[in-house]
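# Breakdown of the fold
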Amino acid sequence: MADFSSGRPFFNCRNCQNPVALRSDLLSKDYLGKSGPAYLFSHAMNIIVGQKEDRQLITGLYTIADIYCCNCGEAYRSSELKKLWLMAELIGPRLYSCCNCRNHVSLHDDIISKAFQGRNGRAFLFSHAMNIVIGPKEDRHLMTGLHTVADIYCADCHEVLGWKYERAYEATQKYKEGKFILEKSKIVKENW
(Lines give C-alpha, C1' and ligand atoms only; values in the text may rest on other atoms or scores of the structure.)
Protein backbone atom coordinates (compact mmCIF):
# COMPACT_ATOMS: atom_id res chain seq x y z
CA MET A 1 0.00 0.00 0.00
CA ALA A 2 1.29 3.47 -0.84
CA ASP A 3 2.17 5.96 1.90
CA PHE A 4 0.45 9.21 0.92
CA SER A 5 1.88 11.16 3.86
CA SER A 6 5.42 10.96 2.47
CA GLY A 7 4.99 13.68 -0.16
CA ARG A 8 6.47 11.49 -2.92
CA PRO A 9 5.19 12.58 -6.34
CA PHE A 10 5.07 9.41 -8.51
CA PHE A 11 3.43 6.06 -8.78
CA ASN A 12 5.72 3.69 -10.68
CA CYS A 13 5.34 0.40 -12.49
CA ARG A 14 6.00 -2.28 -9.89
CA ASN A 15 8.04 -4.25 -12.42
CA CYS A 16 10.43 -1.65 -13.93
CA GLN A 17 9.86 1.53 -11.86
CA ASN A 18 8.74 3.51 -14.95
CA PRO A 19 6.66 6.52 -13.71
CA VAL A 20 3.00 5.95 -14.64
CA ALA A 21 1.00 8.43 -12.54
CA LEU A 22 1.50 11.60 -10.54
CA ARG A 23 0.35 11.73 -6.94
CA SER A 24 -1.31 15.07 -7.73
CA ASP A 25 -3.54 13.27 -10.28
CA LEU A 26 -4.98 10.88 -7.66
CA LEU A 27 -8.75 11.42 -7.49
CA SER A 28 -9.87 8.65 -5.15
CA LYS A 29 -8.65 5.64 -3.18
CA ASP A 30 -12.21 4.31 -2.80
CA TYR A 31 -12.28 1.81 -5.67
CA LEU A 32 -12.19 -1.96 -5.84
CA GLY A 33 -10.29 -3.81 -8.57
CA LYS A 34 -10.22 -7.52 -9.38
CA SER A 35 -7.49 -8.13 -6.83
CA GLY A 36 -8.49 -5.66 -4.11
CA PRO A 37 -8.39 -1.90 -3.42
CA ALA A 38 -7.71 0.34 -6.43
CA TYR A 39 -7.07 4.04 -7.10
CA LEU A 40 -8.67 6.41 -9.61
CA PHE A 41 -6.39 8.90 -11.40
CA SER A 42 -7.25 11.80 -13.70
CA HIS A 43 -4.20 11.09 -15.89
CA ALA A 44 -1.65 8.34 -16.46
CA MET A 45 1.67 8.54 -18.31
CA ASN A 46 4.10 6.21 -20.03
CA ILE A 47 1.36 3.69 -20.74
CA ILE A 48 -0.09 1.86 -23.71
CA VAL A 49 -3.88 1.66 -23.86
CA GLY A 50 -5.32 -1.67 -24.91
CA GLN A 51 -8.50 -2.38 -26.84
CA LYS A 52 -11.81 -1.06 -25.56
CA GLU A 53 -14.33 -3.58 -24.35
CA ASP A 54 -17.58 -3.57 -22.42
CA ARG A 55 -17.29 -4.99 -18.90
CA GLN A 56 -19.81 -5.44 -16.15
CA LEU A 57 -18.32 -3.88 -13.01
CA ILE A 58 -19.75 -3.54 -9.49
CA THR A 59 -21.41 -0.21 -10.33
CA GLY A 60 -22.68 -1.15 -13.80
CA LEU A 61 -21.67 -1.72 -17.40
CA TYR A 62 -18.67 0.30 -18.64
CA THR A 63 -16.51 0.50 -21.74
CA ILE A 64 -12.94 0.26 -20.45
CA ALA A 65 -9.47 -0.66 -21.69
CA ASP A 66 -6.57 -2.35 -19.95
CA ILE A 67 -3.42 -0.26 -19.70
CA TYR A 68 0.17 -1.47 -19.93
CA CYS A 69 3.51 -0.01 -18.91
CA CYS A 70 5.11 1.31 -22.13
CA ASN A 71 8.55 0.25 -20.88
CA CYS A 72 8.10 -3.36 -19.80
CA GLY A 73 4.53 -4.22 -20.85
CA GLU A 74 3.30 -4.93 -17.30
CA ALA A 75 -0.50 -5.05 -17.47
CA TYR A 76 -2.80 -3.03 -15.23
CA ARG A 77 -6.52 -2.90 -15.31
CA SER A 78 -7.53 0.74 -15.56
CA SER A 79 -9.11 0.20 -12.15
CA GLU A 80 -6.06 -1.48 -10.59
CA LEU A 81 -3.38 1.20 -10.37
CA LYS A 82 -3.04 0.24 -6.72
CA LYS A 83 -0.24 -2.06 -7.88
CA LEU A 84 1.95 0.96 -8.41
CA TRP A 85 4.29 2.32 -5.76
CA LEU A 86 5.81 5.69 -5.04
CA MET A 87 9.23 6.72 -6.35
CA ALA A 88 11.19 9.87 -5.53
CA GLU A 89 11.43 11.78 -2.25
CA LEU A 90 10.76 15.07 -4.04
CA ILE A 91 7.97 17.41 -2.95
CA GLY A 92 6.99 18.48 -6.45
CA PRO A 93 8.62 17.59 -9.75
CA ARG A 94 9.52 20.28 -12.25
CA LEU A 95 7.34 19.66 -15.27
CA TYR A 96 6.71 20.93 -18.76
CA SER A 97 3.10 21.36 -19.86
CA CYS A 98 1.30 21.96 -23.14
CA CYS A 99 1.26 25.71 -23.82
CA ASN A 100 -2.36 25.49 -24.92
CA CYS A 101 -4.13 23.51 -22.16
CA ARG A 102 -1.47 23.01 -19.43
CA ASN A 103 -1.58 19.20 -19.72
CA HIS A 104 1.64 17.77 -18.22
CA VAL A 105 3.80 16.41 -21.07
CA SER A 106 7.30 15.82 -19.64
CA LEU A 107 9.55 16.02 -16.61
CA HIS A 108 12.49 18.42 -16.46
CA ASP A 109 14.67 15.54 -15.29
CA ASP A 110 14.05 13.76 -18.61
CA ILE A 111 15.80 16.42 -20.72
CA ILE A 112 18.74 14.94 -22.63
CA SER A 113 19.67 18.06 -24.58
CA LYS A 114 18.50 21.64 -25.13
CA ALA A 115 20.56 22.00 -28.33
CA PHE A 116 17.92 20.97 -30.88
CA GLN A 117 16.04 22.85 -33.56
CA GLY A 118 12.32 22.36 -34.16
CA ARG A 119 9.97 23.66 -36.83
CA ASN A 120 9.37 26.85 -34.82
CA GLY A 121 12.79 27.45 -33.27
CA ARG A 122 14.55 25.97 -30.28
CA ALA A 123 13.58 22.47 -29.13
CA PHE A 124 14.54 20.03 -26.36
CA LEU A 125 15.28 16.30 -26.61
CA PHE A 126 13.54 14.27 -23.87
CA SER A 127 13.94 10.63 -22.90
CA HIS A 128 10.23 10.34 -22.04
CA ALA A 129 6.97 12.17 -22.71
CA MET A 130 3.55 11.68 -21.15
CA ASN A 131 -0.07 12.48 -21.89
CA ILE A 132 0.61 12.54 -25.62
CA VAL A 133 -0.75 10.92 -28.75
CA ILE A 134 1.76 9.64 -31.30
CA GLY A 135 0.87 10.14 -34.95
CA PRO A 136 1.78 7.96 -37.94
CA LYS A 137 5.42 7.25 -38.74
CA GLU A 138 7.05 8.90 -41.75
CA ASP A 139 10.54 9.39 -43.13
CA ARG A 140 11.84 12.97 -42.92
CA HIS A 141 15.08 14.61 -43.95
CA LEU A 142 16.12 16.61 -40.88
CA MET A 143 19.24 18.69 -40.27
CA THR A 144 21.11 15.57 -39.12
CA GLY A 145 19.96 13.26 -41.91
CA LEU A 146 17.13 10.89 -42.70
CA HIS A 147 14.99 9.74 -39.76
CA THR A 148 11.69 7.92 -39.30
CA VAL A 149 9.65 10.16 -37.00
CA ALA A 150 6.09 10.51 -35.75
CA ASP A 151 4.52 13.81 -34.73
CA ILE A 152 3.36 13.97 -31.11
CA TYR A 153 0.21 15.74 -29.99
CA CYS A 154 -1.13 16.79 -26.60
CA ALA A 155 -3.59 14.09 -25.50
CA ASP A 156 -6.04 16.73 -24.21
CA CYS A 157 -6.14 19.52 -26.83
CA HIS A 158 -4.31 17.83 -29.75
CA GLU A 159 -1.76 20.65 -30.13
CA VAL A 160 1.28 19.47 -32.13
CA LEU A 161 4.16 19.55 -29.62
CA GLY A 162 7.03 18.04 -31.60
CA TRP A 163 7.93 14.53 -32.72
CA LYS A 164 9.23 11.15 -31.63
CA TYR A 165 12.32 9.64 -33.25
CA GLU A 166 11.36 6.12 -34.30
CA ARG A 167 14.46 5.28 -36.35
CA ALA A 168 17.77 6.90 -37.21
CA TYR A 169 19.51 5.72 -40.37
CA GLU A 170 22.99 6.99 -39.50
CA ALA A 171 24.99 5.29 -36.75
CA THR A 172 25.87 8.61 -35.08
CA GLN A 173 22.17 9.42 -34.67
CA LYS A 174 21.00 6.11 -33.13
CA TYR A 175 20.93 7.65 -29.62
CA LYS A 176 17.78 9.57 -30.67
CA GLU A 177 15.68 6.46 -31.29
CA GLY A 178 12.71 6.28 -28.94
CA LYS A 179 13.32 9.86 -27.74
CA PHE A 180 11.03 12.88 -28.02
CA ILE A 181 11.48 16.41 -29.35
CA LEU A 182 9.33 19.03 -27.64
CA GLU A 183 9.44 22.50 -29.16
CA LYS A 184 10.17 25.24 -26.63
CA SER A 185 7.39 27.42 -28.07
CA LYS A 186 4.85 24.63 -27.44
CA ILE A 187 5.59 23.93 -23.76
CA VAL A 188 5.58 25.90 -20.51
CA LYS A 189 7.27 25.30 -17.16
CA GLU A 190 5.27 24.06 -14.15
CA ASN A 191 6.38 23.82 -10.48
CA TRP A 192 9.59 25.85 -10.97
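Residues numbered from 1 in each chain as written. Predicted model: local features only at pLDDT ≥ 70, side-chain atom pairs only at ≥ 80, totals over all residues. Heavy atoms only, no water.

An unreviewed UniProt entry annotates the protein as Protein yippee-like originating from Quercus suber. Within the UniProt record for the protein, the comment given under Sequence similarities (unreviewed entry) is "Belongs to the yippee family." (UniProt positions renumbered as here; feature names shortened; annotations may be inferred.)

### Here's the deal with the overall build of the protein
What the protein contains, in helices and strands, is zero helices and 17 strands. Of all 192 residues assigned to the protein, the portion counted as buried reaches 46%. Contacts in the protein between residues far apart in sequence, at least 24 positions, make up 48% of those at least 6 positions apart. (Helix = DSSP H or I, 4+ residues; strand = E, 2+ residues; numbered from the N terminus. Buried < 20%, exposed > 50% of the residue type's maximum accessible area, 1.4 Å probe, protein only. Contact = heavy atoms within 4.5 Å.)

### A look at the pattern of salt bridges
Proximity of charged atoms lets side chains of opposite charge pair with each other. This model, assessed by the stated rule, comprises five salt bridges. For Glu-138, the salt bridge goes to Arg-140, with nearest N and O atoms at 2.7 Å. Judged by its relative accessible area of 38%, Glu-138 is partly exposed. Here Arg-140 makes a salt bridge to Asp-151, at a shortest N to O gap of 2.7 Å. Remark: Asp-151 occurs in strand S14 (residues 145–154) and Arg-140 occurs in strand S13 (residues 132–142); sequence separation between them is 11 residues. As far as burial versus exposure is concerned, Arg-140 and Asp-151 are alike and both buried. The structure contains a network of salt bridges with shared partners spanning Arg-119, Glu-138, Arg-140 and Asp-151. (Salt bridge = Lys/Arg side-chain N within 4 Å of Asp/Glu carboxyl O.)

### Points about the packing of aromatic side chains
Inspection of the entire model under this criterion finds four aromatic pairs. The interplanar angle of 80 degrees and the centroid separation of 5.6 Å between the aromatic rings of Tyr-96 and Phe-126 together place this pair among those described as edge-to-face. Here Phe-126 lies in strand S12 (residues 121–126) and Tyr-96 lies in strand S9 (residues 95–98), a separation of 30 residues in the sequence. Tyr-96 sits in the buried class, given a relative accessible area of 3%. Ring centres of Trp-163 and Tyr-165 lie 6.2 Å apart, and the angle between their planes is 80 degrees; this geometry places the pair in the edge-to-face category. Just as Trp-163 is buried, Tyr-165 falls in that class too. Clustering of aromatic rings is evident, with ring pairs tying together Tyr-96, Phe-124 and Phe-126. One residue, Lys-114, lies across the ring of Phe-124, its end atom 5.7 Å from the ring centre. (Phe/Tyr/Trp six-rings, centres within 6.5 Å; stacked < 30°, edge-to-face > 60°. Lys NZ or Arg CZ within 6 Å of the ring centre and 35° of its normal.)

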